[in-house]
Amino acid sequence: MSLTDRSATDLVAALRNGEITSVACTESFLARIEATNPTVNAFLSVNGEGALAEAARIDADRAAGKPVGPLAGLPVAVKDVLCTTDQPTTCASKMLQGFRPPYDADVVRRLREADAVLVGKTNMDEFAMGGSNENSAYGLVRNPWDLDRAPGGSSGGSAAAIAADMAPLAIGSDTGGSIRQPAGLCGITGLKPTYGRVSRRGLVAFSSSLDQIGPMARSAADCSLLLQTIAGHDPGDSTSLSVAVPDYTAELDKPLTGLRIGRVAAHFGPGLDPEVAEHVEATFAAYEAAGATIHEVELPHAAHGVPTYYLIAPSEASSNLARYDGAHYGHRWDGSRPPDDGGMTDFDSPLVEMYCRSRAEGFGPEVKRRIMLGTYALSAGYYDAYYAKALRVRRLIRQDFLDAFERVDLIGGPVSATPAFKLGEKTDDPVAMYLVDLYTVGTNLAGIGGISFPCGFTAGGLPVGFQLQGPALSEPLLLRAAHQYQQATDWHLRRTAALPA
Amino acid sequence: MPADSGPEPTLTPGDVKKVALLGRLALSGAELKSLTAELSQIVGFVSQLAAVDTEAVEPLAHPLDAQNVFREDEPAASLPTSEALRSAPRQDGECFLVPAVLGDSGSA
């Protein structure tokens, strides 16, 4: 078995007991990246030299008997939405081409402290806006299971990197499903922690009341390992929770006897692919067989989740992305007027013209669409009808979850209505693309936790994902429920045949 | 506003131009045209929220219970000027350089 075939948990143990070195482990994953990245495009930048130097340093420390961190020597991929001082941070945008942040994200700081080896930055939808990874300014990502299909998004690069064995662990971020949906479409495991569980400092802001960083890996056990490192309070993020971090691996092996899982009948509407429905139902049956009980619950306002999300997230984005002004960092217009000025010639001042033209050149179409939508929703005369209205519906959506969790411990269901769709299939229809977030946005609007893991394959060989949602800070239970399923099944161990072995 | 009547969702190119200036985006003619259609479609889609009864429901701006977070007011190191200016497209070693804020003189 080659090193890239082994789980993160297994590799950490092998590194610890001296069976393998970090240099050997890092070289294996770098070789795999070199072989497959030209096809998959999961990485935007690879930190080869830096990673090997770090690996050698950790091997030397370990050999000298010095204390090393819990992930010592293990390669980890980081979504290119987190600030790294030693590697580019582009958010897959031309706006941040070549940008080197002056500080590390708190999550990156924690990874370095744990002695993880940062092998590179993964591709994504520009500024994390999208559900297919087709919005990257540096090229789309291909789904390792079928190279003509999308990996999902916006953490499509991180999901594809795990599915293609280019890294044992990856960091993603999830604003409306951006960890769970690509995890589902790529046949891997991804956790969106409770809002505030992981510090957002140094995460390039998209929608500040919804964004959350989380782990992506092959299995729930591997996700526990990564969450253990990145979770915790950060005085530099006033929304990070000052709550003790539990031991996420301690209870993984506890059986599920007596666990109450909710099933929402409305999840099984006409838009749900029959093969997906079949695998999701079979997963409920597997949980019953494992000692859990299934209960029908209702989330009466769930149908309003997507429109609520597409008012709140763009509104916050239009404000967050105001920082890209061509003055402090990022792309700046060179002063030459474009041939097609759209009749927009009446700027208030040369400064405003510089802002407008720098941003027009730096942002891609989906980012512009969301800035426009958010600006519109926040503008005078529309604020109450759109933004304030969405905030009221958000409270109703959150209350639905609070009510449901009075009766059940977790809520199960599909992650996505269909398996991975063809590249280009939805790019001409923004609303169709937004609807891929149907099953995932509620988690973010309510600020709770959710995990996605593989629960089967279609006849055509595409992975199908299952989602569990749990109350705030239920990560230990979410991980245990996924882990127990993975002890009884081997979907998460299947490897793609679409790439050279 | 009655619960069943949403705002008029159709945007004109003039509306889109106004929003673009507010959002600090210089749109091309082609973008203006496509965004007028797309935003009308998206605004139409999100307008379905008008039908939700939110009478007596308070807005929820944040998923956590609203709370002030205080810390001691202690001096700490901040980013050195050189580091803060390092990524600026134009700077003079002390300040960010930008075109004229008022009037139409100066260049980008």
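Computed from a predicted structure; not experimentally measured. (Residues numbered from 1 in each chain as written. Chains lettered and ligands numbered in written order. Predicted model: local features only at pLDDT ≥ 70, side-chain atom pairs only at ≥ 80, totals over all residues.)

**A word on the overall build of chain A**
Put simply, the test is: To qualify as a helix, a DSSP run of H or I must reach at least 4 residues; to qualify as a strand, a run of E must reach at least 2; elements of each kind are numbered from the N terminus. Each residue is classed by its C-beta neighbour count within 10 Å, where at least 20 other C-beta atoms makes it buried, 12 or fewer makes it exposed, and intermediate counts make it partly exposed; the C-beta atoms are placed from backbone geometry. By the convention adopted here, residues make contact when the C-beta atoms placed from their backbones lie within 7 Å.
A count of helical and extended segments in chain A gives 15 helices and 11 strands. C-alpha extents for chain A along the principal axes are approximately 65 × 55 × 45 Å. The burial tally for chain A puts 62% of its 501 residues in the buried class. Considering only contacts in chain A between residues 6 or more positions apart, those separated by 24 or more positions represent 78%.

**Regarding the sheet that holds strand β2 (residues 75-79) of chain A**
Residue and element names in this part refer to chain A. What counts is decided by this rule: Only strands joined by at least two bridges in the DSSP assignment are considered to pair. Convention adopted: a line fitted to C-alpha atoms gives each axis, helices being fitted over their contacting stretch, and angles between N-to-C directions are expressed from 0 to 180 degrees.
One open sheet accounts for 11 strands, arranged β1-β3-β2-β4-β6-β5-β10-β11-β9-β7-β8; its pairing is mixed. The sheet is open, and its two borders are formed by β1 (43-46) and β8 (293-297), each paired with just one other strand. Geometrically, the sheet is characterised by an average inter-axis angle of 30° between neighbouring strands, direction not taken into account. Inspection of the sheet shows β1 paired to strand β3 (residues 117-122) by 3 bridges, in the antiparallel sense. Bridge pairing links Ser 45 to Lys 121 in β3.

**Points about the nonpolar core**
Inside soluble globular proteins, nonpolar side chains tend to come together where they are buried. To keep things clear, this is the line we draw: A set of buried residues qualifies as a nonpolar core if it consists of Ala, Val, Leu, Ile, Met, Phe, Trp, Tyr and Cys joined through C-beta atoms within 7 Å.
Core analysis: the biggest nonpolar cluster contains 169 residues, and Leu 74, Val 76, Ala 161 and Ala 167 of chain A have the highest contact counts within it. Of all the elements, helix α12 (residues 384-404) of chain A adds the most residues to this core, at 8 residues.

**Examining the interface of chain A and chain B**
Listed as interface residues are 62 residues of chain A and, on the opposing side, 54 residues of chain B. Within the residue set of the side of chain A that touches chain B, elements represented by two or more residues are α9 (305-320), α10 (350-362), α11 (365-378), α12 and α13 (430-434) of chain A. With 12 residues, the single largest contributor to the side of chain A that touches chain B is α12 of chain A.

**Focus on the confidence of the model for chain B**
Residue and element names in this part refer to chain B. The line we're drawing: Confidence scores labelled pLDDT are given residue by residue by the predictor and lie between 0 and 100.
Looking at chain B as a whole, its pLDDT mean stands at 86, while 84% of the residues score no less than 70. Long-range and interchain partners of residues 1-7, a stretch whose pLDDT sits below 50, account for 10 contacts in this model, where long-range means more than four residues apart. Of the two predicted TM-score estimates for the complex, the pTM is 0.96 and the ipTM is 0.92.

**Quick notes on the pairing of strand β7 (residues 260-264) of chain A**
Residues and elements named next belong to chain A. Rule in force here: By definition, the crossover connecting two strands over a helix is right-handed if that path, from the first strand to the second, turns clockwise as seen with the strands pointing away from the viewer.
Bridging between β7 and β8 involves 5 bridges; their strand directions are parallel. Bridge pairing links Arg 260 to Thr 293 in β8. The handedness of the β7 to β8 crossover, carried by helix α8 (residues 274-289), is right-handed. One ladder, built from 3 bridges, connects β7 with strand β9 (residues 410-414); its direction is parallel. The partner of Gly 262 across the bridge, within β9, is Ile 411.

**A short note on the pairing of strand β5 (residues 189-192) of chain A**
All names here are of chain A. Neither face of β5 is exposed, since Thr 189 and Leu 191 on one face and Gly 190 and Lys 192 on the opposite face are all buried. Bridging between β5 and strand β6 (residues 212-217) involves 2 bridges; their strand directions are antiparallel. Across the sheet, residue Gly 190 finds its bridge partner in β6, namely Met 216. Here β5 runs beside strand β10 (residues 449-457); their pairing, made up of 3 bridges, is antiparallel.

**A word on unusual backbone geometry**
All names here are of chain A. Cis peptide bonds are those with omega within 30 degrees of zero, and the linkage from Gly 153 to Ser 154 qualifies with 5°. Examined against the element boundaries, Ser 154 turns out to sit in the loop between β3 and α5 (156-163). Located in the positive-phi region is Ala 128, a residue other than glycine, with phi close to 70°. Inspection of the secondary structure assignment puts Ala 128 in the loop between β3 and α5. For Ala 128, a count of 30 C-beta atoms within 10 Å gives the class buried. For Leu 473, which is not glycine, the phi torsion reads 65° and is therefore positive. Here Leu 473 falls in the partly exposed class, since 16 other C-beta atoms lie within 10 Å of it.

**Here's the deal with the packing of α9 of chain A against α11 of chain A**
Residue and element names in this part refer to chain A. This is how the line gets drawn: Orientation categories follow fixed angle ranges, with anything under 35 degrees roughly parallel, anything over 145 roughly antiparallel, 65 to 115 roughly perpendicular, and all other angles oblique.
Contact geometry for α9 and α11: axes closest at 7 Å, N-to-C directions at 100°. Classified by the angle their axes make, α9 and α11 are roughly perpendicular. Contacts between α9 and α11 pair Leu 311, Pro 314, Ser 315, Ala 317 and Ser 318 from the former with Arg 370, Ile 371, Leu 373, Gly 374, Thr 375, Ala 377 and Leu 378 from the latter.

**Description of the environment of Phe 466 of chain A**
Residues and elements named next belong to chain A. Residue placement: Phe 466 occurs in strand β11 (residues 463-470). Accessibility expressed as a C-beta count within 10 Å gives 26 for Phe 466, which makes it buried. Expressed as a C-alpha distance, the spacing of Phe 466 and Ser 154, which sit 312 residues apart in the sequence, is 18 Å. Contacts of Phe 466, omitting those with residues within four sequence positions, involve Val 280, Thr 283, Gly 412, Val 415, Phe 453 and Cys 455.

**Quick look at the environment of Leu 191 of chain A**
Residues and elements named next belong to chain A. Topologically, Leu 191 is positioned in strand β5. Leu 191 sits 12 residues away from Ile 179 along the chain, and the two C-alpha atoms are 6.8 Å apart. Filtering out sequence-adjacent residues up to four positions away, Leu 191 remains in contact with Ile 179, Gly 214, Pro 215, Cys 223, Leu 227, Ile 451, Glu 475, Leu 478 and Leu 479.

**A few points about the packing of α9 of chain A against α12 of chain A**
Residue and element names in this part refer to chain A. The condition is simple: Should the near helix be turned anticlockwise from the far one by less than a right angle, the crossing is termed left-handed; should it be turned clockwise, right-handed. In this count, Pro and Cys sit with the nonpolar residues alongside Ala, Val, Leu, Ile, Met, Phe, Trp and Tyr, while Asp, Glu, Lys and Arg are called charged and the others, Gly among them, polar.
Interhelical geometry of α9 versus α12 gives an angle of 125° and a closest axis separation of 9 Å. The angle between α9 and α12 falls in the class oblique. Note that α9 runs across α12; the crossing there is left-handed. Side by side, α9 and α12 meet where Gly 305, Thr 308, Leu 311, Ile 312 and Ser 315 of the first sit next to Tyr 386, Tyr 387, Ala 390, Leu 391, Val 393, Arg 394 and Ile 397 of the second. Broken down by class, the residue content of the contact of α9 with α12 amounts to 8 nonpolar, 3 polar and 1 charged.

**A short note on helix α2 (residues 22-40) of chain A**
Residues and elements named next belong to chain A. Selection criterion: A helix is expected to span 1.5 Å for every residue after the first. Take the seven residues that end at a residue and the seven that start at it, fit an axis to each, and the angle between those axes is the bend at that residue.
Taking 1.5 Å as the rise per residue, α2 with 19 residues should run 27 Å; its terminal C-alpha atoms sit 25 Å apart, in good agreement. The largest bend in α2 is about 35°, located at Glu 34, with the proline Pro 38 one to four residues further on. Listed in full, the buried residues belonging to α2 are Ser 22, Val 23, Cys 25, Thr 26, Phe 29, Leu 30, Arg 32, Ile 33, Thr 36, Asn 37 and Val 40. Looking at the packing, one finds that the buried side of α2 touches α1 (8-16), β1, α3 (48-63), β2, β3 and α5. Taken from the residues just after α2, Asn 41 is the one with a positive phi, measuring 60°.

**Structural notes on α3 of chain A**
Residue and element names in this part refer to chain A. The following threshold applies: As used here, the arc belongs to the directions running from the helix axis to the C-beta atoms.
Its 16 residues place the ends of α3 22 Å apart at the C-alpha level, agreeing with the 22 Å of an ideal helix rising 1.5 Å per residue. Restricting attention to buried positions, one finds in α3 the residues Ala 51, Glu 54, Ala 55, Ile 58 and Asp 59. Within α3, the buried residues cover an arc of 140° as seen down the axis, which keeps them to one side. Turned more than 90 degrees away from the buried face of α3 sit Glu 49, Ala 60 and Ala 63, all of them exposed.

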